[in-house]
Amino acid sequence: AQRVTQPEKLLSVFKGAPVELKCNYSYSGSPELFWYVQYSRQRLQLLLRHISRESIKGFTADLNKGETSFHLKKPFAQEEDSAMYYCAVQNAGNMLTFGGGTRLMVKP
Amino acid sequence: GAGVSQSPRYKVAKRGQDVALRCDPISGHVSLFWYQQALGQGPEFLTYFQNEAQLDKSGLPSDRFFAERPEGSVSTLKIQRTQQEDSAVYLCASSQRQGLEAFFGQGTRLTVV
């Protein structure tokens, strides 16, 4: 069965510091991986997916199949990045399996 | 148009009561999903529709949970004889078709007292 692990419940950094939100997955087959973000009082929304290889709001994530990781990174955190971040893997049937989430707090 | 719309936003039910949660997906979206999110956890898959067909209901936790999408648009998640452990946020998501980005609703927060 597929599983997604986000080891940090809370990550607190100062504005301008680098950020890395960790995500490890277990999945048999070729995974499709995503990062979703939920800002305060807003709905869950897609941040990025690995197949698009885009940088969204300065965030990037690289799929490392050897380490089964898909960590989310940003070189310089901004206060508006404060939110809940969820890593997710999609199976062939289209359903998403989410990790437990990491709350990112960016302090001024 | 508007995004995925869910109603009610909040529901308080007495233990044993039946509840019905509604999801209006984005118009024209073929795929529709229900997820359950307990406090402090990530969303967990409940069920998936493609048009009116329920293709996967493996995540429904018990036979008290039932979902339908009779005309391939609006969906209803029904929970019979609610229990305290059913307290959670229920999220609905839709996508244009399989494999494309899923758009989430605001969720319905169910509290069973």
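Residues numbered from 1 in each chain as written. Chains lettered and ligands numbered in written order. Predicted model: local features only at pLDDT ≥ 70, side-chain atom pairs only at ≥ 80, totals over all residues. Heavy atoms only, no water.

A.B. asks: Describe the nonpolar core, listing the residues and the values that go with them.
C.D. replies: By size, the foremost hydrophobic cluster in this structure holds 24 residues, and its most contacted members are Trp35, Leu72 and Tyr85 of chain A. For this core, the secondary structure elements donating two or more residues are strand S2 (10-14), strand S3 (19-21), strand S5 (32-38), strand S6 (45-49), strand S9 (83-90) and strand S11 (102-107) of chain A. The element best represented in this core is S9 of chain A, accounting for 4 residues. Of all hydrophobic cores here, the second largest spans 20 residues; its members include Val19, Leu32, Leu60 and Leu110 of chain B. (Core = buried A, V, L, I, M, F, W, Y, C linked by side-chain atoms within 4.5 Å. Buried < 20%, exposed > 50% of the residue type's maximum accessible area, 1.4 Å probe, protein only. Helix = DSSP H or I, 4+ residues; strand = E, 2+ residues; numbered from the N terminus.)

A.B. asks: Explain the environment of Leu39 of chain B to me, using residue names and the numbers behind them.
C.D. replies: Within the secondary structure layout, Leu39 of chain B lies in the loop between strand S4 (31-37) and strand S5 (44-50). Distance in space between the C-alpha atoms of Leu39 of chain B and Ser87 of chain B is 8.6 Å, their sequence separation being 48 residues.

A.B. asks: Kindly report on the confidence of the model for chain A, identifying the contributing residues and their values.
C.D. replies: Close inspection of predicted coordinates is inappropriate in any region flagged by low pLDDT. With 99% of its residues at a pLDDT of 70 or more, chain A has an overall mean of 92. The spread of mean pLDDT over the elements of chain A runs between S6 of chain A, the lowest at 92, and S11 of chain A, the highest at 98. (pLDDT = per-residue confidence, 0-100.)

A.B. asks: Give a detailed account of the sheet that holds strand S1 (residues 5-7) of chain B, specifying residues and quantitative values.
C.D. replies: Residues and elements named next belong to chain B. Ordered in space as S1-S3-S8-S7, the 4 strands form an open sheet in which the pairing is antiparallel. Single-partner strands in this sheet number two, and they are S1 and strand S7 (65-68). Going from strand to strand, the sheet's axes swing by 15 degrees on average, the running direction of each strand aside. Bridge count for S1 against strand S3 (residues 19-24) is 3 bridges, and the pairing is antiparallel. Each residue of the ladder has a partner; that of Ser5, found in S3, is Asp24. (Pairing = 2+ DSSP bridges. Axes fitted to C-alpha atoms, helices over the stretch in contact; angles between N-to-C directions.)

A.B. asks: Break down the interface of chain B and chain A for me, with residues and values.
C.D. replies: With 22 residues of chain B at the contact, the number on the chain A side is 18 residues. Both sides of the chain B and chain A interface together cover about 1500 Å² of buried area, and 47% of this is carbon and sulfur. Broken down residue by residue, the surface that chain B buries against chain A is led by Pro43, Phe104 and Gln106 of chain B, which jointly contribute 31%. One can count 0 salt bridges joining chain B with chain A. Between the two partners, chain B and chain A, sit 5 residue pairs in polar contact (both at pLDDT 80 or more). (Contact = heavy atoms within 4.5 Å. Buried area = accessible area lost by both parts, 1.4 Å probe. Salt bridge = Lys/Arg side-chain N within 4 Å of Asp/Glu carboxyl O. Polar contact = N/O pair within 3.5 Å; in protein donor to acceptor, adjacent residues only side chain to side chain.)

A.B. asks: Talk me through the state of the cysteines; I want residue IDs and the actual numbers.
C.D. replies: In protein chemistry, a disulfide is the covalent bond that joins the sulfur atoms of two cysteines. Enumeration according to the criterion identifies 2 disulfides over all chains in this entry. Covalent S-S linkage joins Cys23 of chain A and Cys87 of chain A, the inter-sulfur distance amounting to 2.0 Å. Judged by the sign of its S-S torsion, about -65 degrees, the cystine formed by Cys23 of chain A and Cys87 of chain A is left-handed. Taken together, the residues span a long stretch of sequence, with Cys23 of chain A in the loop between S3 and strand S4 (24-26) and Cys87 of chain A in strand S9 at a distance of 64 residues. Residue Cys23 of chain A shares its accessibility class with Cys87 of chain A, and that shared class is buried. Put simply, Cys23 of chain B and Cys92 of chain B are joined by a disulfide, and their sulfur atoms are 1.9 Å apart. (Disulfide = S-S within 2.5 Å.)

A.B. asks: Describe the packing of aromatic side chains, naming the residues involved and giving the relevant values.
C.D. replies: For the structure on display, the rule yields 11 aromatic pairs over all chains. Each ring, one from Phe98 of chain A and one from Tyr35 of chain B, has its centre 5.7 Å from the other, and the planes form 85 degrees; the classification is edge-to-face. Note that Phe98 of chain A is positioned in strand S10 (residues 96-98) and Tyr35 of chain B in strand S4, a pairing that runs across two chains. A single burial state applies to Phe98 of chain A and to Tyr35 of chain B, both of which are buried. Three or more aromatic residues link up through ring pairs in this structure, and these residues are Phe34, Tyr36, Tyr86 and Phe98 of chain A together with Phe33, Tyr35, Phe45, Tyr48 and Phe104 of chain B. (Phe/Tyr/Trp six-rings, centres within 6.5 Å; stacked < 30°, edge-to-face > 60°.)

A.B. asks: Requested: an account of the sheet that holds strand S8 (residues 72-74) of chain A, with residues and values cited.
C.D. replies: Residue and element names in this part refer to chain A. Overall, antiparallel pairing links the 3 strands, which are arranged S3-S8-S7 in an open sheet. Two strands lie at the open edges of the sheet, namely S3 and strand S7 (60-61), each paired on one side alone. Relative to S8, S3 runs antiparallel, the two being bridged by 3 bridges. Bridge pairing links Leu21 to Leu72 in S8.

A.B. asks: How would you explain the side chain of Ser69 of chain A if you had to name every residue and give the values?
C.D. replies: Its place among the elements puts Ser69 of chain A in the loop between S7 and S8. For Ser69 of chain A, a relative accessible area of 3% gives the class buried.

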